[in-house]
Amino acid sequence: MTRILKVYRAERFSPNSVERDCAIIDAVGNVLTSHGHEVSGINEDELTESIDTEVVISMARTRQALTILKAKEREGHIVINSPTGVEQCKRSTIDSLMRSNNIPAAPLEDIYGYWIKRGDEAAQCKDDVVFAADKDEKLHILSHFRQRGITDVVVTANVVGDLVKFYGVAGTGFFRSFHHAEGGYSKFGDEAVNGQPNGYSFAKNDLQADAERLAALTGIDIYGGDCIVRNDGTYAIIDFNDWPSFAVCRDEASEAIAAAVVSRINDKQRKR
């Protein structure tokens, strides 16, 4: 039996998704409990250096929580997702990694408007991800970001096509993708900019390979994101983040995540 701590994400990092984010980590905990492990939980805002469980499965994003978890990782604790990897998932870093490693990203210029997104942290409110119809509106929105004290900003051109959400667990073979209409929920309603999906076909194996490569570059195991599929089947990844809710495939995902955790535990025990 291994003692495992679940670290719940602070609510401000789960806009309109608090219950869904809690549900996936609880589902993973239930699978691990059924395998004989002792699982407890704590909110990331309550995390302290005194935690002593052998394994931490964490959705945390605050600087304080990640600092604590990095220290625990250095002490030899298993932490999934790796706190260093989570830090790499800030939007501006992801954008840079995609462009420098030839992973399909949104173009910087086009004729269909722009998206302005905070680059320092994950979106916490609707004002953190804003659509601009033209260059004048883009400049106005950038000014508003600066007034809010946000200077790390990612600006990309709007890509016209179908919004596809994807979810994966690195190293397990688990990868699922869904057109947004199949998901049935939205954080901020931004999907309306692209209208109803057309069901454009695309190479799912290529998307999985690109997503897995991005997960490896950041150093996270549990990931998800969004891409836009154009009418010719090409796509651009427009969002990539650590530990999404897996809401449309929660049962499958919880089994895959639990298997990844158990694999890490077994690897560590073999090395002793």
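Our subject in this report is the structure included herewith. (Residues numbered from 1 in each chain as written. Predicted model: local features only at pLDDT ≥ 70, side-chain atom pairs only at ≥ 80, totals over all residues. Heavy atoms only, no water.)

Remarks on the overall build of the protein
Counting its regular elements, the protein contains 8 helices and 11 strands. Its C-alpha atoms give the protein a radius of gyration of 19 Å, within 12% of the compact-globule value 19 Å for 272 residues. Buried residues in the protein amount to 50% of all 272 residues. Considering only residue pairs separated by 6 or more positions, the protein has 69% of its internal contacts joining residues 24 or more positions apart. Element-wise, carbon and sulfur atoms account for 47% of the exposed surface of the protein, whose accessible area totals about 12,600 Å². (Helix = DSSP H or I, 4+ residues; strand = E, 2+ residues; numbered from the N terminus. Rg over C-alpha atoms; globule rule 2.2 N^0.38 Å. Buried < 20%, exposed > 50% of the residue type's maximum accessible area, 1.4 Å probe, protein only. Contact = heavy atoms within 4.5 Å. Areas by Shrake-Rupley, 256 points an atom, 1.4 Å probe, with all protein chains shown as cover.)

Some points on the layout of surface pockets
As a volume, the second largest pocket reaches approximately 170 Å³. Residue lining of the second largest pocket: 13 residues in total, with Val 159, Val 160, Gly 161, Arg 230 and Asn 231 positioned closest to the centre. Tallied by class, residues from the lining of the second largest pocket come to 5 nonpolar, 6 polar and 2 charged. (1 Å grid on protein atoms, 1.4 Å probe; cavity = no way out; pocket = protein on both sides within 12 Å on 5 of 7 lines; lining within 4 Å. Points joined across faces, edges and corners; volume = space filled by probe spheres on them. Nonpolar A, V, L, I, M, F, W, Y, C, P; charged D, E, K, R; others polar.)

A closer look at the sheet that holds strand β11 (residues 235–242)
If you trace the 4 strands from one edge of the open sheet to the other, you get β9-β8-β10-β11, paired in antiparallel fashion. Of all the strands in the sheet, the pair left with one neighbour each is β9 (174–179) and β11. Strand-to-strand twist in this sheet, taken as the mean axis angle between neighbours without regard to direction, amounts to 20 degrees. Pairing of strand β8 (residues 162–169) with strand β10 (residues 222–229) involves 8 bridges; the strand directions are antiparallel. Across the sheet, Val 169 pairs through a bridge with Ile 222, a residue of β10. Those strands touched by helix α8 (residues 250–271) are β8, β9 and β10, and its axis lies near 155 degrees from that of β9. (Pairing = 2+ DSSP bridges. Axes fitted to C-alpha atoms, helices over the stretch in contact; angles between N-to-C directions.)

Notes on the packing of aromatic side chains
Scanning all chains against the criterion turns up 7 aromatic pairs. Ring centres 6.3 Å apart and planes at 55 degrees place the aromatic pair Phe 174 and Phe 246 in the tilted group. Of this pair, Phe 174 sits in strand β9 while Phe 246 sits in the loop between β11 and α8, placing them 72 residues apart in sequence. Taken as a pair, Phe 174 and Phe 246 share a single burial class, namely buried. Here the aromatic residues Phe 166, Phe 175, Tyr 223 and Phe 240 are joined through ring pairs into a cluster of three or more. (Phe/Tyr/Trp six-rings, centres within 6.5 Å; stacked < 30°, edge-to-face > 60°.)

Some details on the sheet that holds strand β5 (residues 114–118)
If you walk across this open sheet you meet the 3 strands as β6-β5-β7, and the pairing is antiparallel. Strand pairing shows two members of the sheet lacking a second neighbour, β6 (129–132) and β7 (153–157), which therefore form its edges. If you compare each strand with its neighbour and ignore which way they point, the axes differ by 20 degrees on average. Packed onto the sheet, helix α4 (residues 91–100) meets β5, β6 and β7 and runs at close to 50 degrees relative to β7. Contacting β5, β6 and β7, helix α5 (residues 135–147) crosses the sheet at an angle of about 10 degrees to β5.

Describing empty space enclosed by the protein
Take a probe with the size of a water molecule and roll it over the atoms, and the empty space left behind shows itself. Considering all chains together, one arrives at 3 cavities of 30 Å³ or more under this definition. Computed from the structure, the largest cavity encloses a volume of approximately 130 Å³. Surrounding the largest cavity, 14 residues form its lining, Asp 95, Met 98, Ile 237, Ile 238 and Asp 239 being those nearest its centre. Mapped onto the lining of the largest cavity, the elements with two or more residues apiece are α4, β7 and β11.

Quick look at a nonpolar patch on the surface
Taken together, the side chains of Ile 111, Tyr 112 and Val 160 make up a nonpolar region of the molecular surface, amounting to roughly 320 Å² of accessible area. Mapped onto the elements, Val 160 comes out in the loop between β7 and β8. Its relative accessible area of 46% is what places Val 160 among the partly exposed residues. (Patch = residues over 30% accessible without salt bridge, like charges linked within 9 Å, V, L, I, M, F, W, Y side chains within 5 Å. Salt bridge = Lys/Arg side-chain N within 4 Å of Asp/Glu carboxyl O.)

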